[in-house]
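# Observations on the model geometry
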Amino acid sequence: MRSRLNCSTITPSASIAWIDTALKITGVRTQPYQIQLHRPIGDANNPDGGRLMPSEALFLDTDEGLSGISFGGGPMVSELVEQVLMGKDPRG
């Protein structure tokens, strides 16, 4: 069962005040994980394939205590994100 966001607790003035507040990315974290596949997946380097697909989750932390998450990537992506986005507003 899916849970729904109760938007009745968010007032327009509160959401406008949050938009005016500057956010800054203060941290980048990664967490490795593996997905169990239903069948082996292979490629030219490993034709027999495997049932585990490793990957990483990338977390961006802000000075307001909010965190964003992206799936995929690796150490190079983490380093690039840290160099380019650290101190920037994650809302663009």
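Here the residue numbers are simple positions, counted from 1 along each chain's written sequence. Where totals are concerned, whole chains, interfaces and linings use all residues; where local detail is concerned, this predicted model gives features only for residues with pLDDT of at least 70, and gives and counts side-chain atom pairs only at 80 or more. Hydrogen atoms and water are omitted, and side-chain values are computed over all heavy atoms in the structure.

## Section: the confidence of the model for the protein
- The quantity known as pLDDT measures the predictor's confidence residue by residue, on a range of 0 to 100. When pLDDT is averaged across the protein, the result is 81; 78% of the residues are at 70 or more.
- The way it works is that DSSP assigns letters per residue, a run of H or I at least four long becomes a helix, a run of E at least two long becomes a strand, and they are numbered from the N terminus. By mean pLDDT, the top-scoring element of the protein is strand β1 (residues 25–43) (92), and the lowest-scoring one is helix α1 (residues 12–20) (54).

## Regarding the pattern of salt bridges
- Salt bridges are defined by distance alone: a side-chain nitrogen of Lys or Arg within 4 Å of a carboxyl oxygen of Asp or Glu. By the definition in use, this model includes 2 salt bridges.
- As a salt-bridge pair, D61 and R29 come within 2.7 Å of each other at their nearest N and O atoms. One end of the pair, D61, is in strand β2 (residues 46–62); the other, R29, is in strand β1, with 32 residues separating them in the sequence.
- Think of it in three bands: with a 1.4 Å probe and only protein chains considered, a residue is buried below 20% of the maximum accessible area for its type, exposed above 50%, and partly exposed in between. What makes R29 partly exposed here is its relative accessible area of 40%.
- With a closest N to O distance of 3.0 Å, D89 and R91 form a salt bridge.

## Some points on the sheet that holds β2
- Spatially, the 3 strands line up as an open sheet ordered β1-β2-β3, and their pairing is antiparallel. Since the sheet does not close on itself, it has two edges, and those belong to β1 and β3 (67–71), each with one partner. In this sheet, neighbouring strand axes are inclined to one another by 15° on average, regardless of whether the strands run parallel or antiparallel.
- Across 13 bridges, the pairing between β1 and β2 is antiparallel. If you follow T30 over to β2, its bridge partner there is L58. By this definition, two strands are paired if DSSP reports at least two bridges between them. Axes, fitted as lines to C-alpha atoms, cover a helix only where it is in contact. Angles between the N-to-C directions of the axes lie from 0 to 180 degrees.

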